[in-house]
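# Structural overview
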Amino acid sequence: MPNDFETRVVIVTGAGSGIGREAARMFADRGALVYCVGLTEPNLVETQDLIVQAGGQARVARADVSDEQEIAAVMARIDAEVGRLDVACNNAGVTGGAHRVEDYPTADFDDVLRINLKSVFLGMKYELPLMRRGGGGAICNTASVAALTGPGGMCAYAASKHGVLGLTRVAAMENASHNIRINALAPGWTETPMVVANSLQNPAFAKLARASIPAKRGAEATEVAAAAVWLCSPEASYVFGQMLVVDGGMTIGGFEFS
């Protein structure tokens, strides 16, 4: 395992489970000090324990990343404790309910955009000044294949993830000359606790979704997290403002030849 993140300080939001947890573990395995951020402190502590047991360094910061005061406080703490930020993985998100556009509850729509999109905006708003002060950095924002497609019933989720892509591109353009690389990650169907819970509510849809993936399976969280870590690593040093799709071929289109 390379130590290419040694001496680096990393923040991962949504680090209590799924892709966020696995990304936090991978950054720590490669030498980083990882700040694990999220809403559910016991889950964050579990992530921290896994990292520490493996010989890594992690700190827990419970916060609602869609609340400006709370994310500002986390960044102020990082500044006070270590005085730098090298990498940010803005990953927290929810799927929201499934409704037709005309039936989508407005309050639920607002919640999904606040958690999925506003949190990414606020994260970068407070991450970027600290990165600039340190001479550069890298940011990976978790979007989704729903930033490329129009999944029926998921207007809020798709709108939020299209928004993450647009926000990522603007921020990448504004910060490239400051040695800060900003990219987005677009996972497809990933077997995270959130997706598994949603699948149990609609097993027929879950079966159909998995069958429609050319790889004939959902991704493991580790497979998607590895792509996020790569985007933030020196190996991706010339990747700016892109969205990396990790979906088992879900968005290839076309049909199989036989």
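It should be emphasised that the depicted structure is a prediction, and the values quoted were computed from it without experimental measurement.

This paragraph deals with unusual backbone geometry. Outside of glycine, negative phi angles account for most residues, and trans bonds account for most peptide bonds. Even without glycine at this site, T7 takes up a positive phi of about 70°. For T7, the location among the structural elements is in the segment before strand 1 (9-13). With a phi close to 65°, N179 is a non-glycine residue in the positive phi region.

Turning next to the nonpolar core. Core analysis: the largest hydrophobic core is formed by 34 residues, its most contacted members being V12, F27, V34, C36 and L185. The set of elements that each furnish at least two residues to this core consists of strand 1, helix 1 (18-29), strand 2 (33-38), helix 2 (41-53), strand 3 (57-62), strand 4 (87-90), strand 5 (137-142) and helix 8 (221-231). Ranked by residue count, the leading element in this core is helix 8, at seven residues. Residues in contact with C36, not counting those within four places in the same chain, are V12, A15, A24, L44, T47, I51, A58, R59, V60 and A61.

Another aspect to go through is the packing of aromatic side chains. This structure, assessed with the given rule, holds three aromatic pairs. Relative to F27, the ring of F5 has its centre 5.1 Å away and its plane inclined at 85°; by these criteria the two rings are edge-to-face. Linking F5 in the segment before strand 1 with F27 in helix 1, this pair joins segments that are 22 residues apart in sequence. F27 carries the same exposure label as F5, and that label is buried. Considering the side-chain rings of Y238 and F240, the 6.4 Å spacing of their centres and the 80° angle between planes classify their relative orientation as edge-to-face. Overall, the relative accessible area of 77% leaves Y238 in the exposed class. Of the residues examined, F240 reaches a relative accessible area of 29% and is grouped as partly exposed.

Calculation notes
Every chain begins its residue count from 1, and numbering advances along the sequence as written. With the structure being a predicted model, the display of local features is reserved for residues of pLDDT at least 70 and the display and counting of side-chain atom pairs for 80 or more, all residues being used for whole-chain, interface and lining totals. With hydrogens and water set aside, each side-chain value is computed from the structure's full complement of heavy atoms. Per the convention used, a helix needs a DSSP run of H or I reaching at least four residues, while a strand needs a run of E reaching at least two, with both numbered from the N terminus. By nonpolar core we mean a set of buried residues, namely Ala, Val, Leu, Ile, Met, Phe, Trp, Tyr and Cys, connected to one another through side-chain atoms within 4.5 Å. When a residue's accessible area, from a 1.4 Å probe over protein chains only, is under 20% of the maximum for its type it is buried; when over 50% it is exposed; and in between it is partly exposed. Contact criterion: two residues are considered in contact whenever any of their non-hydrogen atoms come within 4.5 Å of each other. Centres within 6.5 Å make a pair out of two Phe, Tyr or Trp rings, where for Trp the six-membered ring is used; the pair is then stacked when the planes are under 30 degrees apart, edge-to-face when over 60, and tilted otherwise.

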